[in-house]
Amino acid sequence: MYMVHICGIFYFKERGVFMEIKYKADILSELKKRGYSTYRLRKEKILGEATIQKIRKGELVSWDNMATLCRLLGWQPGDLVEYVGDAPPQINDAT
């Protein structure tokens, strides 16, 4: 599997099929509304700096971190991310 990032959407190619997945909301803003600043997330070791930076850039995080986000926000995984289409990006694929 490999990933390509184009215009805020991540395209994952696995077994020759592209999946377009993006966050539905500004996750860090939603966490801050619930009292979880990035300082608190790091200080209390809830999320690491690398994970916070991935979220800030719109990159997807591990399933463990997704579970942590769901717990903190009281959301389901489908509330965090969405599939945004069927059309694969036009990428030259040498593999």
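Up top is the structure.
These remarks concern the structure in this document. (Residues numbered from 1 in each chain as written. Predicted model: local features only at pLDDT ≥ 70, side-chain atom pairs only at ≥ 80, totals over all residues. Heavy atoms only, no water.)

This paragraph deals with the overall build of the protein. Helix and strand counts for the protein come out as five helices and four strands. Taken over 95 residues, the protein has a buried fraction of 35%. Relative to all contacts within the protein whose residues are 6 or more apart in sequence, the contacts with residues 24 or more apart total 54%. For the protein, the computed accessible surface area is about 6400 Å², with 51% contributed by carbon and sulfur atoms. (Helix = DSSP H or I, 4+ residues; strand = E, 2+ residues; numbered from the N terminus. Buried < 20%, exposed > 50% of the residue type's maximum accessible area, 1.4 Å probe, protein only. Contact = heavy atoms within 4.5 Å. Areas by Shrake-Rupley, 256 points an atom, 1.4 Å probe, with all protein chains shown as cover.)

Our next topic: the nonpolar core. Core analysis: the largest hydrophobic core is formed by 19 residues, its most contacted members being Ile27, Leu31, Leu41, Ile55, Leu69 and Leu80. Going through the elements one at a time, strand S3 (17-23), helix H1 (27-33), helix H3 (49-57) and helix H4 (63-73) are the ones with two or more residues in this core. Residue contributions to this core peak at five residues, all from H4. Residues in contact with Leu31, not counting those within four places in the same chain, are Tyr36, Leu41, Leu69, Leu72 and Leu73. (Core = buried A, V, L, I, M, F, W, Y, C linked by side-chain atoms within 4.5 Å.)

What follows deals with unusual backbone geometry. Negative phi values dominate among residues other than glycine, just as trans dominates among peptide bonds. The phi torsion at Lys45 lies on the positive side, around 55°, for a residue other than glycine. Among the residues examined, Lys45 registers a relative accessible area of 74% and is labelled exposed.

This part takes up the side chain of Thr68. Among the secondary structure elements, Thr68 is positioned in helix H4. The residues contacting Thr68, other than those within four sequence positions of it, are Ile46 and Leu47.

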